[in-house]
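Breakdown of the fold
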Amino acid sequence: MSITKSFIPLFVALLASTAMADELHLYDGRHIDQAVVKSESFSKVEYRRKSVTQKVDSKEIRSIVYGRTSPEYKAGLAALAEGNSMAAAQNFIAAAEDEGLPDGIRASAYIECGESLLANNNFAESLEIFTELLSTYPETRHYARALLGKGRAQFFTRQLGDAAATFSELQNDVKTKDLGEVWGLEAEFALLWAKEAQGEAGVLDGYRALRARAREDFPAVANQCSLRMGRVYLGNDEVGQALPLFDEIIESRLTTDSSIVAGAYNGRGRALFWEGRNELKEASEAEERKDLEAATAHLEDALAAFRAARLDFLRVQTMFRGVAREQPESLYWAAQSFLNVASLADDLGLEEEDAERMGRILLKRCAERFPQSDWGSRAAEEI
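Keep in mind it's a predicted model, so treat the numbers as computed, not measured.

So, on to the nonpolar core. By size, the foremost hydrophobic cluster in this structure holds 89 residues, and its most contacted members are Leu24, Leu170, Leu179 and Tyr207. When near neighbours in sequence (up to four residues on either side) are disregarded, Leu24 contacts Arg30, His31, Ile32, Ala35, Val37, Val45, Tyr47, Val56, Ile61, Ser63 and Ile64. Ranked by size, the runner-up nonpolar core spans 27 residues in total, among them Ala302, Tyr332, Ala342 and Phe370.

The structure is reproduced here in structure tokens:
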């Protein structure tokens, strides 16, 4: 046998082993390639590289790209990349139940399944998955993510007391299990959100303080605080305070999680819609004073505000379809924006083709697609 012929199988084998190797990506920007993960826990990941067994703290790991998984796991990743949360969940649960896969990969499939279900508004199902993961793999590398996901699933199924208890458990475990600073901040934010949902006082100050602490090193947490602060201000009719917070998130949209950006567009749309309604009130008062010029100016400002709000709500519908949680609200208020634009354009003698029809279509769509949501219920009453 020639040297060349004997070399070919060896070269192919080396390529195959390289393709099946794992990659560990760390928060500090480094990555460890040509590795084979041997074991995982919330404290450390053990891997073999160049025939040497090594360890790294789990809190330093951003992600692991596994070289050898299964067709279902790969299909789940592909569905995630396409924004198809339900298909991702279905494939990941199949991978999680595959006894031929290593425990670390099965645990990763569980966490991806739970988060995909959560993103798709399948809150009860996601709660089951997170609970199963924590029961089956109590020392999983994804422990903090799973506990946070469990609390969020409880939050969205209106089990607010249980959610707060889960977030408190995570906050305590961050210290006792040394899970990493970011998870302590995430738990603190989640607790504030649970308190906000239960109508407790002081959450605005809490968000503001947490935002200041997280802003430099943990912008994702800071942006979540900005979003909730904007919503609290909106609830207090303090639109001037809310708008800059939403604008700040939207300006950083290329480096911010899509769910937060979608929430900011909905928030800004609501603020602009509020401004439109306020301009209508000003127009009515001007009419009572017989100041027709001022009344017309207010009506024109109202029309501009409703048109701008409409664009923000439609952005959520077209650019952030994968953010299921924001869809019912954006659909309902897009419909309201179209209807107000139609009415004002008619009053001002302007052309706004099909605005009334589109408003009615969107109301019906909201009622039919989201019958279990508050926005779907409101739409059904207004069709």
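What follows deals with the sheet that holds strand β3 (residues 44-49). As summarised here, the arrangement of the five strands in space is β4-β3-β2-β1-β5, forming an open sheet in which the pairing is antiparallel. In this open sheet, the two strands that pair with only one neighbour each are β4 (52-57) and β5 (61-65). Each adjacent strand pair in this sheet contributes to an overall mean axis angle of 45°, direction not counted. The pairing of strand β1 (residues 22-26) with β5 spans four bridges and is antiparallel. Looking across to β5, one finds that Leu24 is bridged to Ile64.

This next bit is on the packing of aromatic side chains. In total, this model carries 16 aromatic pairs according to the counting rule given. Look at Phe156 and Trp193: their rings are 5.8 Å apart centre to centre, the planes differ by 85°, and that puts the pair in the edge-to-face class. Here Phe156 is found in helix α6 (residues 143-156), whereas its partner Trp193 is found in helix α8 (residues 181-197), with 37 residues between them in sequence. Each member of the pair, Phe156 together with Trp193, is buried. Judged by centre distance (5.8 Å) and plane angle (50°), the rings of Phe189 and Trp193 are tilted. Here Phe189 and its partner Trp193 are both found in helix α8, four residues apart, which amounts to about one turn of the helix. We note that Phe189, like Trp193, is buried. One aromatic cluster is present, formed by Phe123, Phe155, Phe156, Phe189, Trp193 and Tyr207 through successive ring pairs.

Next up on the list: the packing of α8 against helix α9 (residues 203-214). Remark: α8 packs on α9, axes separated minimally by 10 Å, with the N-to-C direction vectors making an angle of 165°. By the angle between their axes, α8 is roughly antiparallel relative to α9. For the element pair α8 and α9, the recorded crossing hand is left-handed. Residues Leu185, Glu188, Phe189, Leu192, Trp193, Lys195 and Glu196 of α8 lie in contact with α9, whose contacting residues are Val203, Gly206, Tyr207, Leu210, Arg213 and Ala214. Of the residues in the contact of α8 with α9, the class split is eight nonpolar, one polar and four charged.

So, on to the environment of Lys55. Note on placement: Lys55 falls in strand β4. Judged by relative accessible area, which is 55%, Lys55 ranks as exposed. In this structure the C-alpha to C-alpha distance between Lys55 and Ser39, which are 16 residues apart in sequence, comes to 9.5 Å. In this view, Lys55 contacts Lys44, Val45, Glu46 and Tyr47; residues no more than four positions away in its chain are not counted.

Before going further, it helps to examine unusual backbone geometry. Trans is the prevailing form of peptide bonds, just as negative phi is the prevailing case for residues other than glycine. Residues other than glycine seldom take positive phi values, yet Lys50 does so here, at roughly 55°. Classification of Lys50 as exposed rests on a relative accessible area of 66%. A positive phi angle, near 60°, is found at Asp237, a position not held by glycine. Assignment of secondary structure puts Asp237 in the loop between α10 (219-235) and α11 (239-251).

So, how was this worked out
Residues numbered from 1 in each chain as written. Predicted model: local features only at pLDDT ≥ 70, side-chain atom pairs only at ≥ 80, totals over all residues. Heavy atoms only, no water. Core = buried A, V, L, I, M, F, W, Y, C linked by side-chain atoms within 4.5 Å. Buried < 20%, exposed > 50% of the residue type's maximum accessible area, 1.4 Å probe, protein only. Contact = heavy atoms within 4.5 Å. Pairing = 2+ DSSP bridges. Helix = DSSP H or I, 4+ residues; strand = E, 2+ residues; numbered from the N terminus. Axes fitted to C-alpha atoms, helices over the stretch in contact; angles between N-to-C directions. Phe/Tyr/Trp six-rings, centres within 6.5 Å; stacked < 30°, edge-to-face > 60°. Parallel < 35°, antiparallel > 145°, perpendicular 65-115°, else oblique. Left-handed = near helix turned anticlockwise from the far one by under 90°. Nonpolar A, V, L, I, M, F, W, Y, C, P; charged D, E, K, R; others polar.

Treat this as a map of the structure, not an account of what it does.
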